[in-house]
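Analysis of the macromolecular model
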Amino acid sequence: MFRVISIVLSCLVLLAACTEPYDAQRVGSDGKPLPKVYRIRGGDKAKVQYRILDSVNALRAASGAGEVQLNPQLTAAAETHSRDMSAQNRPWHFGSDGSSPIDRVQRAGYGGTMLGENISETYETELETLAAWMEEPGSRSVILDRRATNMGFAWYQENNGKLWWTLLMGG
């Protein structure tokens, strides 16, 4: 009996040694890590928005620009556009109704000047998306625009995990 138990235990130990660790990174055919789906739960909305606001303000401070505040009208326009990009299945600055970012911001009731819009289609986190925007001169200039005093930020996440991000800056 002891011999049978020790053989079974040995087999289990060997089998466990052959399995991949739970947190091991899987790689694609190009050798690069496969993206992990970043899921945003409903209760995390404020946490995500303030994490991006704090990060944007830190980047702005480092460049000598003033802080921005979250603006509900800009955020509403950003949310509408994120959903619309998903429906169109393409990241671009025009709405399915032909609207421009300026049109959407005005419709949302924003009384200031719309200074710029950054968009993204990705499976990445908001901070990874912000880092990617900062690497592109056009997107970077929107984030660091010294005239900006307000920011809108929203996303739409599809069931498969794909995220459609929109950031608007206004002054």
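Refer to the structure printed above.
Before going into details, it helps to say that this report is about the structure given with it. Worth saying up front: this structure is predicted, and the values here are computed from it rather than measured.

**Remarks on the pairing of strand S2 (residues 114–122)**
Judged by how many residues are buried, S2 sits mostly within the fold: eight of nine residues are covered. Sheet topology places S2 next to strand S4 (residues 163–170); eight bridges connect them, and they run antiparallel. Following the sheet pairing, Ile119 is matched in S4 by Thr166.

**As for the packing of aromatic side chains**
Tallying each qualifying case throughout the model produces four aromatic pairs. Judged by centre distance (5.6 Å) and plane angle (65°), the ring pair of Trp92 and Phe94 falls under edge-to-face. With a centroid separation of 5.7 Å and 55° between ring planes, the pair formed by Trp155 and Trp165 is classed as tilted. Of the two residues, Trp155 is situated in strand S3 (residues 150–157) and Trp165 in strand S4; the sequence distance between them amounts to 10 residues. Given a relative accessible area of 14%, Trp155 falls into the buried group. Among the aromatic residues, ring-to-ring pairing joins Phe153, Trp155 and Trp165 into one connected group.

**Let's talk about the pattern of salt bridges**
The tally for this structure, following the rule as stated, stands at eight salt bridges. For Lys45, the salt bridge identified is with Glu79, shortest N-O distance 3.7 Å. Highlighted residues: Lys45 in helix H2 (residues 45–63) and Glu79 in helix H3 (residues 72–88), separated in sequence by 34 residues. By relative accessible area, Lys45 is classed as partly exposed at 38%. For Glu117, the salt bridge goes to Arg104, with nearest N and O atoms at 2.9 Å. Remark: Arg104 occurs in helix H4 (residues 101–107) and Glu117 occurs in strand S2; sequence separation between them is 13 residues. The two residues Glu117 and Arg104 agree in class, both being buried. Connected via shared salt-bridge partners are Arg41, Asp44 and Lys47.

**Brief notes about the environment of Gly95**
Relative to the helices and strands, Gly95 is located in the loop between H3 and H4. On a C-alpha basis, the gap between Gly95 and Met85 in space is 7.3 Å, while along the polypeptide they are 10 residues apart. In this structure Gly95 touches His81, Asp84, Gln88 and Arg104, once residues within four positions along its chain are discounted.

**A look at the packing of H2 against helix H5 (residues 126–135)**
Closest axis-to-axis distance for the H2/H5 pair is 10 Å, and the angle between their directions is 30°. When the axes of H2 and H5 are compared, the pair comes out roughly parallel. As H2 packs across H5, the resulting crossing turns out to be right-handed. Every residue of H5 that contacts H2 at Val48, Arg51, Ile52, Ser55, Val56 and Leu59 is listed here: Glu126, Leu127, Leu130 and Met134. A class-by-class count of the residues in the contact of H2 with H5 yields seven nonpolar, one polar and two charged.

Criteria and thresholds
- Residues numbered from 1 in each chain as written.
- Predicted model: local features only at pLDDT ≥ 70, side-chain atom pairs only at ≥ 80, totals over all residues.
- Heavy atoms only, no water.
- Buried < 20%, exposed > 50% of the residue type's maximum accessible area, 1.4 Å probe, protein only.
- Helix = DSSP H or I, 4+ residues; strand = E, 2+ residues; numbered from the N terminus.
- Pairing = 2+ DSSP bridges.
- Phe/Tyr/Trp six-rings, centres within 6.5 Å; stacked < 30°, edge-to-face > 60°.
- Salt bridge = Lys/Arg side-chain N within 4 Å of Asp/Glu carboxyl O.
- Contact = heavy atoms within 4.5 Å.
- Axes fitted to C-alpha atoms, helices over the stretch in contact; angles between N-to-C directions.
- Parallel < 35°, antiparallel > 145°, perpendicular 65-115°, else oblique.
- Left-handed = near helix turned anticlockwise from the far one by under 90°.
- Nonpolar A, V, L, I, M, F, W, Y, C, P; charged D, E, K, R; others polar.

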